[in-house]
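Each chain, letter by letter, is given below.
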Amino acid sequence: MSEIQLLPQVREFLQRSHAHFIDGQYRAGTSSRHVPIVNPANGEVIAQITCATADEVESAVAAARRSFKGEWAQTSPYQRGVVLNRLADLMEANGEELAQLETLCSGKSIHLSRMFEVGQSAIFLRYYAGWTTKINGETMSPSFPSMAGEQYTAFTRREPVGVVAGIVPWNFSVMIGVWKIAAALATGCTLVLKPSEFTPLTLLRLAELAIEAGVPAGVFNVLNGTGEVGASLIEHPHVAKVSFTGSVPTGLKVGQSAMAANLTRVTLELGGKNAAALLPDADIDGAVAGLIQTGYVHQGQVCAAPERIYVHRSRLDETLAKFTAALQGMNIGSPLDESVNFGPLANKPQFDKVAQFLQLAREQSKVVCGGKPLARAGYFVEPTVVLANGPQDRLLHEETFGPILCVLPYDEVEELPGLINDSPFGLTASIWTNDLSRALRLIPQIEAGTVYVNMHTFLDPSVPFGGIKASGTGREFGSAFIDDYTELKSVMIRY
Ligand code: NAD
């Protein structure tokens, strides 16, 4: 039970002064505004970043625009794919350094940092690398009859939109950043990325690796700072698209200011209050194992994770007993300890928010297990299961983004669409059953961007992902991202 040794290059990186990466190089910040970076496992300040000024926003967008019109525009789709593949290789080659940095900033278990922030990111980069050579338009036969013997032909081109502003949250700051980098670079766009002020370091290191991989200077820039930096980036007249991942309240502001700025196109990947429905025939062992794995991974700080669980009344006691037994076996501790599977929440505001939800649970619902913050340094709470006080329990409706599963029993399967859809959100949902016919009948009735059967929170680069209702607009992955990062140009020719 001990923490892994930090690599010397991680210690050295932390000692640097951290600000921005613009036009292929580090830029020391010029602002007097700094944000401390706190290790959530112990509350200690490990570094600080300097917030970007208006001039630095200008300089990053100008660099991205220059390379969009210049060297990057001359780079063939094949070469873009080669560069993305090289970046994937470099992420793996430097994987332990990236993983340790990310765990220090986010409190994510070192296993998860290795597996998702590094491993999955490399998989996504290679997937998008494959797309670079397959982004095509269509050929059409115009439908009007010829007037005087002339003929027409028409085709469409998919052209990159230009400079993309990518705004990233703190929960999977590397992987979500990579989704935006990969989609922008695959389509021939350039990018200015604004990481979360809580987890800004690893993307700075990734920008260095991108240069090493052969990404031309100016194609991928990083600007650090709080929401104000994101807001001024969105309003820049040379930003052609905003790709935002974060909370609903911020997403609303981002969408409005993108539209007001320049009718700038915008993709919003927002929050969720994701339902899991256990049908009467569900394999409860399998469902509980699956929901523990997906509901408590990174302490529940996953947008797609299940937070409300509808269990057929005939299986309620058995389900709650199995949840309790599984949670009691969890090893809570430092995310740098490889034997630990439940670490701290990622930052103080997040800890305060989850602590308030736990208090609400103790006051108005029935806590089945867990239910309290832990009295130790860092931002730790217990993994928690709560029995709702009824269908209107706030814990069934408000996103906690924490390790709190709220359970409600139901009597008839026909109630499920009404219960699941009684939410402003529509990101993911899951159905747990071996009755395929019932599952297939429920799927069209569920308001969610992704519906899983006998699984939850599995993101695959080939399967489109995004939300409906307040969970957002637009899709990432699969071929869906191409619509969002390219303009469709029609060409008509008379001959
Ligand atoms: P947040 O909305 O507070 O911040 C997200 C990013 O936006 C940060 O980089 C922040 O600095 C920036 N920002 C803040 N105000 C801004 C403004 N006015 N203009 C521009 N940028 C601004 O979200 P968070 O707390 O970092 O992340 C947690 C939330 O993200 C949760 O609600 C979670 O569900 C959601 N999320 C969604 C997805 C998805 O794919 N749907 C994935 C991960 C997280």
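Just so you know, these numbers come straight off a predicted model, no measurement behind them. Sequence order as written defines residue numbering, which begins from 1 separately in each chain. Owing to the predicted nature of the model, reporting of local features is limited to residues with pLDDT of at least 70; listing and counting of side-chain atom pairs is limited to 80 or more, with chain, interface and lining totals taken over all residues. By convention in this description, side-chain values take in all heavy atoms of the structure and omit both hydrogens and water.

Would you mind going over the site of the ligand with me for this structure?
Of all residues adjacent to the ligand, which total 29 residues, the nearest are Lys-194, Glu-197, Ser-247, Leu-270 and Glu-399. Any pair of N or O atoms that falls within 3.5 Å is considered a polar contact. Within protein, one atom must be able to donate a hydrogen and the other to accept it, and sequence-neighbouring residues count only if both atoms are side-chain atoms. In this structure, an oxygen atom belonging to the ligand sits 3.0 Å away from a side-chain N or O atom of Trp-170. Here Gly-246 contributes a backbone N or O atom positioned 3.3 Å from an oxygen atom of the ligand. Counting from the N terminus, the helices are DSSP H or I runs at least four residues long and the strands are E runs at least two residues long. Looking at the shell around the ligand, the element that brings in the most residues is helix α8 (residues 227-234), giving four residues. Residues are grouped as follows: Ala, Val, Leu, Ile, Met, Phe, Trp, Tyr, Cys and Pro are nonpolar; Asp, Glu, Lys and Arg are charged; all remaining types, including Gly, are polar. Split by residue class, the shell around the ligand holds 15 nonpolar, 10 polar and four charged. If a single non-hydrogen atom of a residue is within 4 Å of a molecule or strand, that residue counts as near it.

Help me understand the environment of Ser-247 in this model?
Here Ser-247 lies in the loop between β10 (239-245) and α9 (248-262). Its relative accessible area of 30% is what places Ser-247 among the partly exposed residues. For the pair formed by Ser-247 and Gly-271, sequence separation is 24 residues and the distance between their alpha carbons is 5.3 Å. In terms of polar contacts, Ser-247 uses its side chain to reach the side chain of Thr-250, at 3.0 Å. With a 1.4 Å probe rolled over the protein chains alone, any residue whose accessible area is under 20% of its type maximum counts as buried; one over 50% counts as exposed, and the rest are partly exposed.

Whenever I open this one, the side chain of Thr-400 confuses me. Can you help?
Locating Thr-400 in the fold gives a position in the loop between β15 (384-387) and β16 (404-410). Whether two residues touch is decided by their heavy atoms; if any such pair falls within 4.5 Å, the residues are in contact. Among residues more than four places away in sequence, those in contact with Thr-400 are Lys-273, Glu-307, Gln-350, Lys-353, Val-354, Phe-357 and Leu-395.

Sorry if this is basic, but what is going on with the packing of helix α3 (residues 77-93) against helix α5 (residues 110-131) here?
Helix-helix packing is described using two parameters, namely the angle between the two axes and the distance between the axes. Between α3 and α5, the shortest axis-to-axis distance is 8 Å and the interhelical angle comes to 170 degrees. Between α3 and α5, the interaxial angle falls into the category roughly antiparallel. Seen along the crossing, α3 lies across α5 with a hand that is left-handed. Of the residues in α5, those in contact with Gly-81, Leu-84, Asn-85, Leu-87, Ala-88, Asp-89, Met-91 and Glu-92 of α3 are Glu-117, Val-118, Ser-121, Ala-122, Leu-125, Arg-126, Tyr-128 and Ala-129. To get an axis, fit a line to the C-alpha atoms, keeping to the stretch in contact for a helix; angles then go from 0 to 180 degrees between the N-to-C directions. Here roughly perpendicular refers to angles of 65 to 115 degrees, roughly parallel to angles under 35, roughly antiparallel to angles over 145, and oblique to all remaining angles. Handedness of a crossing is defined here by the sense of rotation of the near helix relative to the far one, left-handed for an anticlockwise turn of less than a right angle and right-handed for a clockwise turn.

Looking at this structure, how should I read the sheet that holds strand β13 (residues 306-312)?
Strand pairing in a sheet takes place through backbone hydrogen bonds and is either antiparallel or parallel in direction. Sheet architecture is open: seven strands sit in the order β14-β15-β16-β13-β12-β18-β19, paired in mixed fashion. Edge positions in the open sheet fall to β14 (366-369) and β19 (450-453), since each of these has one partner strand only. The mean inter-strand angle of the sheet, taken between neighbouring strand axes irrespective of direction, is 25 degrees. Two strands qualify as a pair provided that DSSP identifies no fewer than 2 bridges between them. Looking at chain direction, strand β18 (residues 428-432) and β19 are connected through four bridges and run parallel. Among the inter-strand pairings, Ser-430 is bridged to a residue of β19, identified as Tyr-452.

What should I look at first to understand the domain arrangement of the protein chain in this one?
Interfaces are often sized by the accessible area lost when the parts come together. How far each domain reaches was decided by an automatic or database domain assignment. We note that the domain assignment places domain 1 (8-270 + 471-492) and domain 2 (274-461) within the protein chain. If you average the C-alpha positions of domain 1 and of domain 2, the two centres end up 31 Å apart. Between domain 1 and domain 2, the contact holds 31 residues from the first and 28 residues from the second. By convention, the term buried area covers the 1.4 Å-probe accessible surface removed from two parts as they join, with the contributions of both added. Taken together, the two surfaces of domain 1 and domain 2 that pack against each other cover about 2400 Å², and 66% of this comes from carbon and sulfur. Broken down residue by residue, the surface that domain 1 buries against domain 2 is led by Pro-40, Trp-170 and Ser-471, which jointly contribute 23%. For this document, the term salt bridge refers to a Lys or Arg side-chain nitrogen within 4 Å of an Asp or Glu carboxyl oxygen. Inspection of the region where domain 1 meets domain 2 yields one salt bridge. Close ionic contact of Arg-114 with Glu-338 constitutes a salt bridge, the shortest N to O distance being 2.8 Å. At the junction of domain 1 with domain 2, the criterion picks out nine residue pairs in polar contact (both at pLDDT 80 or more).

I tried to follow helix α6 (residues 173-187) on my own but got confused; where do I start?
Think of an α-helix as 3.6 residues a turn; residues three or four steps apart then line up on the same face. Multiplying 1.5 Å by the helix residue count minus one yields the expected span of that helix. With 15 residues, α6 ought to run about 21 Å at 1.5 Å a step, and its terminal C-alpha atoms sit 22 Å apart, in line with that. The buried fraction of α6 amounts to 15 of the 15 residues, a majority that puts the element mostly inside the structure. One or two residues past the end of α6 sits Gly-188, with phi positive at roughly 95 degrees.

Sorry if this is basic, but what is going on with the pattern of salt bridges here?
Opposite charge on two side chains permits them to pair, given that their charged atoms come into close proximity. Evaluated as defined, the whole model comprises 25 salt bridges. The salt bridge involving Arg-157 is made with Glu-159; its shortest N-O contact spans 2.7 Å. Accessibility expressed as a relative area gives 42% for Arg-157, which makes it partly exposed. Given the relative accessible area of 17%, Glu-159 is considered buried. What emerges from the salt-bridge pattern is a single network uniting Arg-16, Glu-97, Arg-205 and Glu-208.

Looking at this model, I keep getting lost on a nonpolar patch on the surface. Mind explaining?
Residues form patches when they are more than 30% accessible in relative terms and have no salt bridge. Like charges link within 9 Å. Nonpolar side chains (Val, Leu, Ile, Met, Phe, Trp, Tyr) link within 5 Å. Note that accessible areas follow from Shrake-Rupley with a 1.4 Å probe, and for residues the cover is restricted to the protein chains shown. On the surface, a cluster of nonpolar side chains totalling about 300 Å² of accessible area is made up of Phe-155, Ile-493 and Tyr-495. Tracing the chain through its elements places Tyr-495 in the segment after β22 (486-494).

How should I be thinking about the pairing of strand β6 (residues 152-160) in this particular structure?
Walk down a regular strand and you will see the side chains alternate between the two sheet faces. By the bridge criterion, two bridges tie strand β5 (residues 139-140) to β6 in an arrangement that is antiparallel. Bridge assignment links Met-140 to a residue of β6, and that residue is Ala-154. In this structure, β6 lies alongside β22, joined through nine bridges in antiparallel fashion. Residue Pro-160 lies in a different strand from β22, and its bridge partner there is Thr-486.

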